[in-house]
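These are the residues of each chain, in order.
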Amino acid sequence: MTDSKAATTPTPSAAVLVLEDGRMFRGRSYGAQGTALGEAVFATGMTGYQETITDPSYARQLVVQTAPHIGNTGVNSEDAESRRIWVAGYIVRDAARRPSNWRSERSLDEELVEQGIVGIQGVDTRAITRHLREHKTMRAGIFSGEAAHATDKELLDAVLASAPMEGAALAEEVSIDEAYVVEPKDHGWEGEPRFSIAAVDLGIKAMTPVRFAERGVRVHVLPATSTLEDVNAVKPDGFFMSNGPGDPATADNQVSLLRSVLDEKLPYFGICFGNQILGRALGFGTYKLRYGHRGINQPVMDRRTGKVEITSQNHGFAVDAPLNGAAVAPEERYGRVEVSHISLNDDVVEGLACLDIPAFSVQYHPEAAAGPHDAAYLFDRFIDLMADTKSKATGANSNDSKTEDKK
């Protein structure tokens, strides 16, 4: 379990990063001082560090930034992707001594201190990344200030006593407590909303409902504990499940909810964690990747179009589904499903498309904050799916009415 015991002092002190296999990297404290425990992962984005640390999908993780210079542009109140920083700890090579950007409101160091996030600077992040690539992601700890004075054995024992990511149920921890609505009119849309959707927050990034709202979709953002009754209460035209942290094998409640939604033939779109939940709802398994996909330069092929997209990703688990051709889902009532997108780096499943019910999902982040916008079309694809489903339902109701008239 992530532990954060931080003293808020800006004066750097000795700090050490300890990996669960005993490898140690010594540097200086960055942000708050104390102890941070979690899973060490690396993120390859050259930009968007503020969006990275405020992405709830990084909950209980110590993030290694492979970009050497971090903090150059400071932080501001507009670029955060959620209500707080979620990384358990932060690992950088060269931290900016002072920010330089017209949008900067304060330094990253100050923000880390304010929110009690323990970090380390002055370490060889390239060596750390290579080590994680060769040996897999693993539990780790950052120790600074008084905590860094413990013996190497004591530090390693603290890491080994922490909880692994496998079996971690974190969506409820990062989700909202109260539902809220994102209106199209607040994001440049003129006229009445085209559709309304229920979006379950499993660790949603702020830009995701904005991307819907920009296209005329009213978004009812619901807590991770929502039921089918909560979903139906907002009378949605579609259903969405967001990205989020933790092991999808623990998301039994969300899987049960999605199956109920699929049984009602309500159009579904899921991203990241939402993709894994669709996989489980269809009856497929999930598994943990050796070091995951985290960055804004991940190549993915859309098999329907043959187009290669550069995508933003942040996930450590994947769906175990047949890669070639359509197959009947293990939960046979949902009919045929195919892998619609695939990673060009390692053939990991990057998307699922149901052929007999209105549902699809992708493993990456089409809202791309920060990152490329190659996959923005997926929001339009979901709107088209809702429109098509609504049209068919209207046509069916019309035919039923004509039949009754003839009687």
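Here we summarise the structure given alongside this text. No experiment lies behind these values; they were computed from the predicted model shown. (Residues numbered from 1 in each chain as written. Predicted model: local features only at pLDDT ≥ 70, side-chain atom pairs only at ≥ 80, totals over all residues. Heavy atoms only, no water.)

A look at the pattern of salt bridges
Moving on, step 1. Taken as a whole and assessed by the stated rule, the structure comprises 22 salt bridges.
Moving on, step 2. Notably, a salt bridge pairs glutamate 20 with arginine 139, separated by 3.4 Å at the nearest N-O pair. Here glutamate 20, found in the loop between strand E2 (14-19) and strand E3 (24-31), pairs with arginine 139, found in strand E10 (residues 138-144); they are 119 residues apart in sequence, far enough to count as distant.
Moving on, step 3. Ionic pairing is found between lysine 205 and glutamate 367, a salt bridge with its closest N-O pair at 3.0 Å. One end of the pair, lysine 205, is in the loop between strand E12 (195-200) and helix H6 (207-214); the other, glutamate 367, is in the loop between strand E21 (359-362) and helix H10 (377-406), and 162 residues separate them in sequence.
Moving on, step 4. Under the relative-accessibility criterion, glutamate 367 is labelled buried at 0%.
Moving on, step 5. Residues joined in a network through salt bridges with shared partners are Arg259, Asp263, Glu331 and Arg333. (Salt bridge = Lys/Arg side-chain N within 4 Å of Asp/Glu carboxyl O. Helix = DSSP H or I, 4+ residues; strand = E, 2+ residues; numbered from the N terminus. Buried < 20%, exposed > 50% of the residue type's maximum accessible area, 1.4 Å probe, protein only.)

A short note on the side chain of glutamine 313
Moving on, step 1. As for its position among the elements, glutamine 313 is in strand E17 (residues 307-320).
Moving on, step 2. In terms of polar contacts, glutamine 313 uses its side chain to reach the side chain of histidine 293, at 3.0 Å.
Moving on, step 3. At 3.0 Å, the side chain of glutamine 313 and the side chain of histidine 315 are in polar contact.
Moving on, step 4. With residues near it in sequence (within four places) discarded, glutamine 313 still touches His293, Arg294, Gly295, Gln298, Val300, Glu350, Tyr364 and His365. (Polar contact = N/O pair within 3.5 Å; in protein donor to acceptor, adjacent residues only side chain to side chain. Contact = heavy atoms within 4.5 Å.)

Remarks on the nonpolar core
Moving on, step 1. Phe239, Met241, Leu258 and Leu262 are the most contacted members of the largest nonpolar core, which has 35 residues in total.
Moving on, step 2. At the level of secondary structure, the elements contributing two or more residues to this core comprise E12, helix H7 (228-233), strand E14 (238-241), helix H8 (252-263), helix H9 (273-281), strand E19 (336-343) and strand E20 (349-354).
Moving on, step 3. Broken down by element, this core gets its largest block of residues, five residues, from H8.
Moving on, step 4. Once residues within four sequence positions are removed from consideration, methionine 241 is found in contact with Val200, Leu202, Gln254, Leu257, Leu258, Tyr268, Phe269, Gly270, Ile271, Gly274 and Ile277.
Moving on, step 5. By size, the runner-up hydrophobic cluster in this structure holds 25 residues, among which are Ala199, Ala213, Val221 and Leu378. (Core = buried A, V, L, I, M, F, W, Y, C linked by side-chain atoms within 4.5 Å.)

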